[in-house]
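Understanding the architecture of this molecule
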Amino acid sequence: MIPLFKSHYSLGRSILTLEDKNEADDYPDSIIQIAKENKLKELFLVEDNMSSFLEAYTNTKSNNIKLNYGLRVTVTESINDKTDESRQKNSKVVIFFRNKQGHELLTKLFSTAAKAGFYYEPRLDYDTISKNWSDDLLLCIPFYDSFIFNNTLRNSICIPQFNFTKPIVFIEDNDLPFDYIIKDKMEKFAQENKLELFKTKSIYYNNKKDFKTYLTFRCINNRSILNKPELDHMSSNEFAFESYLKAK
Amino acid sequence: MDDHLLRYNKNKTLVFIDCETFNLCLNFCHNIPWQIAMIKVQGDKKVDEKNYYLKWQTDLKISQDAARITRYDHKKVQKEGHDPKEVFPTIKDWLDHADYIVGHNTLGFDIYLIKEYYKYMGCNWHHLVNKFIDTNTMARGIKYGIPYNPKESLIEYQYKIYHTRKKGVKSSLTFLGKENGIEHDYDKLHDAINDLDLNLKVWNKLKWQVEI
């Protein structure tokens, strides 16, 4: 199982920092600290933007931890379509870079997403991705919010075009009622298309007991309160490193 | 020709469930149900009911607003409340043996409290998911003009409708009751059994409009 960390640089989505510290203290837990405490030799970081890269690179390098950096980004049918209808065609992919050339390509792609493709959020389309694609990048289909997830549980019409690469499929189990529905569909898609499938665990906090802190953080960002979070399906405390250790 | 449809089937057992809680959080870290009511239905008729007040060992407090809206009576809960471990076997028995578990907004709320309760008791809950019928999503599906296709999964259809938001579409239990001309004591809403009785009446109207 691969632990997919997300840091607080992905605004409002994680309470983990990338600070270089050795052990837990009274301040927020750090992914670097978790990696050191658990002797992780490599780190998988999946962010919603690329602003954490410098701190992640610096602090993993100084601690001899291999960094695998991925961007979770929206893909739509066409980045030129900026209508409400186009949002029904949105889904998420994760793009990792393998080396320096890959980093440059991913930076360029994210820049396109954040400028030309921006509509409520940075967006890419499959045409833009394929034109900028090389083997220095690695495409993954995340468990949540992918085209499979959105076509199954939302009224979305997402048509993927993976003719430029063989994506890797991520599956997770976070004890949400619809996890098994998505898992079945992801496994079927991987089998039919002869794709590699990895078990993963998205990690937004260290221990399960940190869920309440995470929920509070999400509520603040959502301008809601703990008594009425107004966050769909926000019930699972399994997005924790502790759950990864138990499940791996 | 339509004999297979639930509306004609008097052998299927439906358990209607409603949880009254301290607030709207979906995890036991900040919320617990203080009342769980269930009615057992065969055909159109209620055949049994259970109404439990639950007395938890907790420091959680109900907010004034929630207490008012849900008609929380602290003295009643303390006096008539059961140990959650004591009543769980009956709740589990009803839900595990139901063909369908019905409720209003179950997919957005009650399912998570039921899940947490099962986990608290160390029990697996996954087998329940496919049994849920959420009358809120079913009603919205009808109002949106997105009918359920019996060839697709009912739970996937309900999630699709759940995630589809359209402005101006009202689907609260009270609204659906009044809209369908259902006679009911609407002043007693948020009394769990009373809510479920209304939920059953609404379902008995809805089931003629969906091909389940």
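Heads up: these notes are all about the structure in this document.

Residue and element names in this part refer to chain B. Mapped onto the elements of the fold, Asn-51 is located in strand S3 (residues 45-53). Residue classification places Asn-51 among the partly exposed residues on the basis of 15 C-beta atoms within 10 Å. The spatial distance from the C-alpha of Asn-51 to the C-alpha of Gln-35 is 7.3 Å, given a sequence separation of 16 residues. Those residues in contact with Asn-51 that sit more than four places away from it in its chain are Ala-37, Ala-192 and Ile-193.

Chain A puts 17 residues into the contact, and the matching count from chain B is 19 residues. Every element with two or more residues in the side of chain A that touches chain B is listed here: helix H5 (147-153), helix H6 (179-192) and helix H7 (211-222) of chain A.

Our next topic: the packing of helix H5 (residues 135-144) of chain B against helix H6 (residues 154-162) of chain B. The packing of two helices is summarised by the inter-axis angle and the distance between the axes. Residue and element names in this part refer to chain B. Look at H5 against H6: their axes get within 9 Å of each other, and the N-to-C directions meet at 70°. Comparing the axis directions of H5 and H6 gives the class roughly perpendicular. For the pair H5 and H6, the crossing hand works out as left-handed. Contacts between H5 and H6 involve Thr-137, Arg-140, Gly-141 and Tyr-144 from the first element and Gln-158, Ile-161 and Tyr-162 from the second. In terms of residue class, the contact of H5 with H6 is made up of 3 nonpolar, 3 polar and 1 charged.

So, about the packing of H5(B) against helix H8 (residues 192-206) of chain B. Residue and element names in this part refer to chain B. In contact at an axis separation of 11 Å, H5 and H8 are set at 35° when each is read in the N-to-C sense. Seen along the crossing, H5 lies across H8 with a hand that is left-handed. Between H5 and H8, the contacting residues are Thr-135, Met-138 and Ala-139 on the first element and Asn-199, Val-202, Trp-203 and Leu-206 on the second. Residues of the contact of H5 with H8, tallied by class, amount to 5 nonpolar, 2 polar and no charged.

Parameters at a glance
- All residue numbers here refer to positions counted from 1 along the written sequence of the relevant chain.
- Lettering for chains starts from A, numbering for ligands starts from 1, and both go in the order in which the items are written.
- Reporting of local features is limited, given that this is a predicted model, to residues whose pLDDT is at least 70; pairs of side-chain atoms are given and counted only at 80 or more, and all residues count toward the totals for whole chains, interfaces and linings.
- Each helix corresponds to a stretch of at least 4 residues labelled H or I by DSSP, and each strand to a stretch of at least 2 residues labelled E; elements are numbered beginning at the N terminus.
- Exposure is read from a count of other C-beta atoms within 10 Å of each residue's own; the residue is exposed at 12 or fewer, buried at 20 or more and partly exposed in between. C-beta atoms are placed from the backbone.
- Two residues qualify as a contact pair if the distance between their C-beta atoms, derived from the backbone, is within 7 Å.
- Throughout, an axis means a line fitted to C-alpha atoms (over the contacting stretch in the case of helices), and angles, computed between N-to-C directions, take values from 0 to 180 degrees.
- Just so you know how the angles are binned, under 35 degrees is roughly parallel, over 145 roughly antiparallel, 65 to 115 roughly perpendicular, and the rest oblique.
- By the definition used in this description, the sense in which the near helix is turned from the far one sets the handedness, with an anticlockwise turn below a right angle giving left-handed and a clockwise turn giving right-handed.
- Note that Gly is not counted as nonpolar here; it falls among the polar residues with everything else outside the nonpolar set of Ala, Val, Leu, Ile, Met, Phe, Trp, Tyr, Cys and Pro and the charged set of Asp, Glu, Lys and Arg.

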